[in-house]
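So the chains spell out like this:
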Amino acid sequence: MPNQDQTARIRAGQGFIAALDQSGGSTPKALRLYGIEEDGYGSEAEMFDLIHQMRARIIKSPAFTGERVVGAILFEMTMERDIDGVPTGQYLWEECGVVPFLKVDKGLAAEENGCQVMKPMPDLDALLDRGVAKGMYGTKMRSVISAANAAGIAAVVEQQFEVGKQILGHGLVPIIEPEVTISITDKAEAEEMLRDAILAQLDALPADVEVMLKLTLPEVDNLYKPLVDHPRVLKVVALSGGYSRDEANDRLSRQTGMIASFSRALTEGLSAQQSDAEFDKTLDAAIQAIYEASVAG
């Protein structure tokens, strides 16, 4: 069973979930935005050392506490590493009061019917066992929807819930993330299809389980309110999806019951070249703005 104190923290939702889960493919971009170009490291190992240093700097900042940040999503390699000699997940909960989640997907398959399901995860059970041992509360996995195509959306949602049941079997809470691409012309139609497909899957779940949902901020305010209110849903969180922090916060503030789970919008403005005082001030302002948007609804 999931940790009940952590469940209560997520259910109350007085804050947001920090997405600190950039993986191998997105790490160079994250480092570049942080002020470290690709010529600043000579190997993949050095790259991952630098991204861990960035994440540890964020987590250890006095701005990063459970008062405004209720959860954090970690990349597998971050889960396996320590902060000040303490496993990262344990540090998050015991030192910060922040609930730890683990990104489990291995990337996206080729696009079909305007959508991308997740690549196969043959080692998922072993990863979930490690996640439980490392104190993870839940998981996150991402698919992508780039067209209002009923067959494509159905395939994405069916796979997400199928894998979600496997995750629930390990006593972890899955964050189901079917991201809708923000630039598509039929985004609003795709979001309606997605909502209905998710509702059908939620209605079929056993009465004694809960999942979380991570969704692109919708074109129609409170489109996802039926999901927020569904008894099988612990929390609905929003991804920034390429919106600027200001626009993401503005859209989020109009959604009742949704909280943020931002990645790039959280780290916007942070730099390796900043002094600790400058870094903490910039992070504090970002956290406060995202927090206010998360509790506004």
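Refer to the structure printed above.
In short, a report on the structure.

**Looking at the overall build of the protein chain**
Turning to step 1, where the next piece is worked out: In terms of regular secondary structure, the protein chain is built from twelve helices and eleven strands.
Turning to step 2, where the next piece is worked out: Its C-alpha atoms give the protein chain a radius of gyration of 18 Å, near enough to 19 Å, the size a compact globule of 297 residues would have.
Turning to step 3, where the next piece is worked out: Looking at the protein chain residue by residue over its 297 residues, the buried ones come to 54%.
Turning to step 4, where the next piece is worked out: If you average the places of the 28 positive and of the 45 negative side-chain charges in the protein chain, the two averages end up 2 Å apart.

**Looking at the environment of Ala151**
Turning to step 1, where the next piece is worked out: By the element assignment, Ala151 lies in helix 7 (residues 150–168).
Turning to step 2, where the next piece is worked out: In this structure the C-alpha to C-alpha distance between Ala151 and Glu112, which are 39 residues apart in sequence, comes to 9.2 Å.

**Focus: the pairing of strand 7 (residues 138–145)**
Residues in a regular strand project their side chains so that they alternate between the two faces of the sheet.
Turning to step 1, where the next piece is worked out: Burial within strand 7 is extensive, with seven of its eight residues counted as buried.
Turning to step 2, where the next piece is worked out: Where strand 5 (residues 99–103) lies against strand 7, three bridges are found, and the strand directions are parallel. When the bridges of strand 7 are listed, Phe101 appears paired with Gly138.
Turning to step 3, where the next piece is worked out: The pairing of strand 6 (residues 115–116) with strand 7 spans two bridges and is classified as antiparallel. Within strand 7, the position partnered with Gln116 by the bridge is Val144.
Turning to step 4, where the next piece is worked out: Summarising the sheet, strand 7 and strand 8 (residues 173–180) pair through eight bridges and their orientation is parallel. Opposite Lys140, over in strand 8, you have Ile175 as the bridge partner.
Turning to step 5, where the next piece is worked out: The handedness of the strand 7 to strand 8 crossover, carried by helix 7, is right-handed.

**A word on the nonpolar core**
Turning to step 1, where the next piece is worked out: Counting residues in hydrophobic clusters, the biggest one holds 83 residues, and the most contacted among them are Phe16, Phe64, Leu194, Ile198 and Leu227.
Turning to step 2, where the next piece is worked out: Broken down by element, this core gets its largest block of residues, eight residues, from helix 3 (residues 44–60).
Turning to step 3, where the next piece is worked out: The residues touching Phe16, leaving out its near neighbours within four places in the chain, are Arg68, Val69, Val70, Gly71, Ile259, Ala260, Leu266, Ile287, Ile290, Tyr291 and Ser294.
Turning to step 4, where the next piece is worked out: One finds Ile10, Ile175, Met212 and Ile259 within the second-largest nonpolar core, a separate group that totals 14 residues.

Reading guide: rules and limits
For every chain, the first residue of the written sequence is number 1, and numbering continues from 1 along that sequence. Totals for whole chains, interfaces and linings use all residues, but because this is a predicted model, local features are given only for residues with pLDDT of at least 70 and pairs of side-chain atoms are given and counted only at 80 or more. To obtain the side-chain values, all non-hydrogen atoms of the structure were included, while hydrogens and water were left out. The helix and strand labels rest on DSSP assignments: H or I over at least four residues marks a helix, E over at least two residues marks a strand, and numbering proceeds from the N terminus. It is over C-alpha atoms that the radius of gyration is taken, and the globule rule equals 2.2 Å times the number of residues to the power 0.38. Exposure categories follow from relative accessible area, calculated using a 1.4 Å probe and restricted to protein chains: below 20% of the type maximum is buried, above 50% is exposed, and the middle band is partly exposed. Positive: Lys, Arg. Negative: Asp, Glu. His and the chain ends are not part of the count. Just so you know, the charge point we use is NZ for Lys, CZ for Arg, CG for Asp and CD for Glu. Two strands qualify as a pair provided that DSSP identifies no fewer than 2 bridges between them. When the strands point away from the viewer and the connection leading from the first strand across the helix to the second strand turns clockwise, the crossover is called right-handed. Here, the term nonpolar core denotes a set of buried Ala, Val, Leu, Ile, Met, Phe, Trp, Tyr and Cys residues that are joined through side-chain atoms within 4.5 Å. Here, residues are in contact when the closest pair of their heavy atoms is within 4.5 Å.

By themselves these figures say nothing about function.
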